[in-house]
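Observations on the three-dimensional arrangement
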Amino acid sequence: MLLLGCKNEGKSDAVPADSSAAVVYYNGDIITMEGKQPTYAEAVVVKDGKILFVGTEAEAMKQAGEGHTMGDLKGKTMLPAFLDAHSHFINVGFTAAVANILPPPDGPGADFNSIVNTLNDYKNTADGTTMIKKFGWILGNGYDDSQLKEGDHPKATDLDKVSTTQPVLIIHQSGHLGVLNSFAMKMLGINKSTKDPAGGKYRRAADGTPNGVLEEGAFFSVLFPILGKGDAEANTMFIDKALLEYAKNGYLTAQEGRATLEQVAQLEAGAKSKQFYLDIVSYPDVALGVEEIMKSPYYSTAHQYQNKYRIGGVKLTLDGSPQGKTAWLSHPYHVPPAGEKASYRGQGVMTNQQANDYVALAFKNKWQLLCHTNGDAAIDQYLKAIDLAEKKYNYDDHRTVLIHGQTLRKDQIPALVRQKVIPSLFPMHTFYWGDWHAESVLGHPRADYISPMRDAIDAGLITTSHHDAPVTFPNSMRVLDATVNRVTRTGKILGPDQRVTPYEGLKTLTEWAAIQYFEEKTKGTLTAGKLADFVILDKNPLKIKSLDINKIQILESIKEGKTVFKKDKWAKYIFTITNATLAKLYTARSSVFLCFYLRCPLHQ
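Residues numbered from 1 in each chain as written. Predicted model: local features only at pLDDT ≥ 70, side-chain atom pairs only at ≥ 80, totals over all residues. Heavy atoms only, no water.

Under an unreviewed UniProt entry, the name given to the protein is Amidohydrolase 3 domain-containing protein, and the source organism is Flavobacterium succinicans.

Right, here's the structure in full:
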């Protein structure tokens with residue numbers, strides 16, 4: 001028998017070889033997340049994937065029984081795992097495979113040249129050649145005009161420097177706009193005579209010729225067919241990449257927050273092949289026609305998973321992006337986009353009657369409804385539609401969700417309370433686009449009130465905080481930091497009166513997020529009988545300076561008692577060497593070679 005050391009990010013020292021034996025976690029800050037004030041436990045006992053006991057270490061030893069394993073936290077912090085309140089799971093995997101053109105600190109996209117250079121380098125990478133072969137496009141994700149040196153969107157002529165013989169598409173960080181090169185526009189038949197599609201727009205030069213920038217429906221009409229080209233191999237790759245992104249950030253319940261029909265099929269295939277090691281909940285886009293999908297065995301009114309997948313309800317989208325200036329506002333943008341009048345307020349994506357019909361459809365069928373509403377005019381449209389649906393089809397405990405609510409007004413909060421709507425807000429905007437909101441999008445004082453977490457919580461609303469990946473990375477500590485601190489890129493505090501405590505910030509990621517999912521009986525707190533879904537942090541968010549929260553590291557993610565991510569650890573693997581020739585290779589100088597020769601299992 002040989003013991004070989006291999007770098008491993010997916011194997012727990014605490015998980016016993018005998019999976020039926022209990023594990024006692026101790027010697028750390030164990031925050032239960034139960035109650036309105038922080039409560040700590042000395043130990044947690046896990047058995048058969050569930051929490052057996054939470055309490056004193058002495059009693060934990062009794063409850064664990066014979067043969068148990070000790071999980072020494074070594075002074076680190078254990079919490080219930082985070083639940084992803086809103087994002088786009090499949091697209092996280094997709095964007096992990098395309099060129100990263102995000103602005104610093106998340107990527108190299110500081111100016112047009114850096115975007116072009118990154119795309120040209122990407123074409124020759126393993127992911128680049130694979131994606132071009134499978135999809136026929138050169139793709140990049142994450143450019144942000146508000147952070148670019150030029151303060152504008154790249155145009156088709158800029159992307160022509162990447163290719164004049166292949167189509168190029170880059171996706172705005174908001175996920176609501178994109179840019180094509182000239183070859184792609186010609187291939188798609190987009191020219192001066194092309195009319196803007198319903199719910200979308202081709203931005204144009206002074207003479208009316210499209211310049212390559214696509215808004216909303218015009219952008220989605222290009223992106224969705226590209227996504228639909230994915231074969232089984234590509235879909236498996238996207239899911240694997242997405243699973244890792246969530247696991248390494250402590251999110252053990254992830255959301256596909258606006259699934260196309262093709263994506264629902266991808267997720268069902270993943271479930272059937274038992275690909276998922278995290279819980280995945282999807283919300284198909286109700287505007288695409290979902291009546292047949294909602295008859296799927298993966299949709300359960302009891303909110304039960306099959307092979308870690310379920311359909312949770314439906315998604316509705318009523319407007320666009322504030323940072324992209326396509327969100328629908330009740331008052332004009334502080335600085336309108338180029339070519340727009342001073343009265344420009346963005347736009348909705350459907351009529352009031354259409355919105356009313358879709359909301360009514362969800363209430364009639366008792367489907368949980370999540371609705372994308374960034375602008376306060378879109379929120380007004382949603383609230384009115386909910387009132388109409390409730391009068392006709394009201395049912396108890398619908399847990400309707402308001403997604404984003406960037407410009408939620410103070411006078412709209414009482415309606416959320418009356419309608420028992422759960423606001424899932426997006427305070428990460430305060431870091432990524434806070435300065436842009438103040439300077440260009442909204443101006444003061446509207447910018448100070450984006451994602452008003454404090455007022456929502458004080459009104460008694462169950463409130464969650466999300467990252468909307470791939471708009472941003474699913475970085476749980478950046479989410480927590482922004483929710484608590486509201487500090488912009490330039491160090492300004494945007495809306496200090498809307499900050500919350502670190503404990504409340506953790507609530508938005510744990511217990512309250514579990515309530516949003518109808519899963520508070522199994523997740524969200526460290527309570528006996530619930531799933532053993534944990535995250536281990538290197539520092540306690542409740543005991544450090546709040547401005548240091550974004551520096552906290554996720555050390556380990558544990559799903560139902562099994563480690564699914566472990567950071568920078570070395571684990572020992574036992575290999576039985578039966579081949580005498582291989583055995584002779586094991587010397588001080590050949591151990592590393594032998595480790596790889598034997599295909600040491602790495603989880604990265």
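With that settled, the discussion passes to the nonpolar core. Membership of the largest hydrophobic core comes to 101 residues, with the highest contact counts inside it found for F82, F89, Y246, F276, I280, Y309 and V359. In terms of residues, this core owes the most to one element, helix α11 (residues 376-393), which gives eight residues. Among the nonpolar cores identified, the runner-up in size contains 43 residues, and I115, A156, L159 and V213 belong to it. (Core = buried A, V, L, I, M, F, W, Y, C linked by side-chain atoms within 4.5 Å. Buried < 20%, exposed > 50% of the residue type's maximum accessible area, 1.4 Å probe, protein only. Helix = DSSP H or I, 4+ residues; strand = E, 2+ residues; numbered from the N terminus.)

A separate point is the sheet that holds strand β7 (residues 82-83). Pairing within the open sheet is parallel, and its four strands lie in the order β7-β14-β15-β16. The sheet is open, and its two edges are formed by β7 and β16 (309-311), each paired on a single side. Strand contacts of helix α8 (residues 232-247): β14 (251-259) and β15 (279-284), with the helix running at about 130° to β14, the strand carrying the most contacts. (Pairing = 2+ DSSP bridges. Contact = heavy atoms within 4.5 Å. Axes fitted to C-alpha atoms, helices over the stretch in contact; angles between N-to-C directions.)

This part is about the UniProt feature "domain: Amidohydrolase" (unreviewed entry) in the protein. The sites that carry the UniProt feature "domain: Amidohydrolase" (unreviewed entry) are, in the present numbering, residues 72-565. Helix and strand shares over residues 72-565 are 33% and 18% respectively, and the end C-alpha atoms of the span are 17 Å apart. (UniProt positions renumbered as here; feature names shortened; annotations may be inferred.)

Of all nine residues in helix α2 (residues 89-97), eight are buried; the element is thus mostly enclosed. Listing the buried residues of α2 in full gives F89, I90, N91, V92, G93, F94, T95 and A97.

Before going further, it helps to examine the pattern of salt bridges. Per the stated rule, a full pass over the model turns up 31 salt bridges. Close ionic contact of D548 with K551 constitutes a salt bridge, the shortest N to O distance being 3.4 Å. Taking relative accessible area as the criterion, D548 reaches 27% and is therefore assigned partly exposed. Each of the salt bridges in this network shares a partner with another, and the network as a whole consists of D279, K308, R310, E519, K523, D533, K559 and E560. (Salt bridge = Lys/Arg side-chain N within 4 Å of Asp/Glu carboxyl O.)

So, about the pairing of β14. For β14, the tally of buried residues reaches nine of nine residues, placing the bulk of the element in the interior. Where β14 lies against β15, five bridges are found, and the strand directions are parallel. The residue bridging A259 from the neighbouring strand is P284, located in β15. The parallel pair β14 and β15 is bridged by helix α9 (residues 261-272), and the resulting crossover is right-handed. (Right-handed = clockwise from strand over helix to strand, strands pointing away.)

Okay, the pairing of strand β18 (residues 368-373) next. Summarising burial for β18: six of the six residues are buried, a large majority. Residues Q368, L370 and H372 line one face of β18 and the alternating positions L369, C371 and T373 line the opposite face, and both faces are buried. Pairing of strand β17 (residues 313-317) with β18, which is carried by five bridges, proceeds in the parallel orientation. In the sheet register, T317 faces β18, and the bridge partner there is H372. With four bridges connecting them, β18 and strand β19 (residues 401-404) associate as parallel partners. Across the sheet, L370 pairs through a bridge with V401, a residue of β19. With α11 bridging β18 and its parallel neighbour β19, the resulting β-α-β unit is right-handed.

Another point: the environment of A362. Here A362 shows up in helix α10 (residues 352-365). The buried category is assigned to A362, whose relative accessible area is 0%. Sequence-distant contacts of A362, defined by excluding residues within four places in its chain, comprise V314, W367 and L369.

Together, F183, M187 and L188 make up an exposed nonpolar region whose accessible area comes to about 250 Å². Summarising the element assignment, F183 is placed in helix α6 (residues 182-188). Residue class for F183 comes out partly exposed when judged on its relative accessible area of 31%. (Patch = residues over 30% accessible without salt bridge, like charges linked within 9 Å, V, L, I, M, F, W, Y side chains within 5 Å. Areas by Shrake-Rupley, 256 points an atom, 1.4 Å probe, with all protein chains shown as cover.)

What follows deals with the packing of aromatic side chains. The tally for this structure, following the rule as stated, stands at 15 aromatic pairs. Ring geometry for F135 against F238: centres 5.9 Å apart, planes inclined by 25°, an arrangement best described as stacked. Of this pair, F135 sits in helix α4 (residues 126-135) while F238 is found in helix α8, placing the two residues 103 residues apart along the sequence. With respect to class, F135 is no different from F238; both count as buried. A ring pair is formed by Y298 and Y309, whose centres lie 5.3 Å apart and whose planes are at 50°; its orientation type is tilted. In this pair, Y298 is assigned in the loop between β15 and β16 and Y309 in strand β16, connecting sequence segments eleven residues apart. (Phe/Tyr/Trp six-rings, centres within 6.5 Å; stacked < 30°, edge-to-face > 60°.)

On to the side chain of H466. Of note, H466 is situated in the loop between β21 (464-465) and α16 (476-485). On the basis of relative accessible area, H466 is assigned to the buried category, the value being 0%. There is a polar contact of 2.9 Å between the side chain of H466 and the side chain of H404. For H466, the side chain forms a polar contact with the side chain of S424, separated by 2.9 Å. Residues in contact with H466, not counting those within four places in the same chain, are A85, H86, I403, H404, S424, L425, F426, M428 and V479. (Polar contact = N/O pair within 3.5 Å; in protein donor to acceptor, adjacent residues only side chain to side chain.)

With that settled, consider the sheet that holds β21. Read from one edge of the open sheet, five strands run β17-β18-β19-β20-β21, paired in parallel fashion. Each edge of the open sheet is held by one strand with a lone partner, namely β17 and β21. The pairing of strand β20 (residues 422-425) with β21 spans two bridges and is classified as parallel. Its bridge partner lying in β21, S424 is registered against T464. Along the sheet face, α10 touches β17 and β18 and points at about 170° away from the line of β17.

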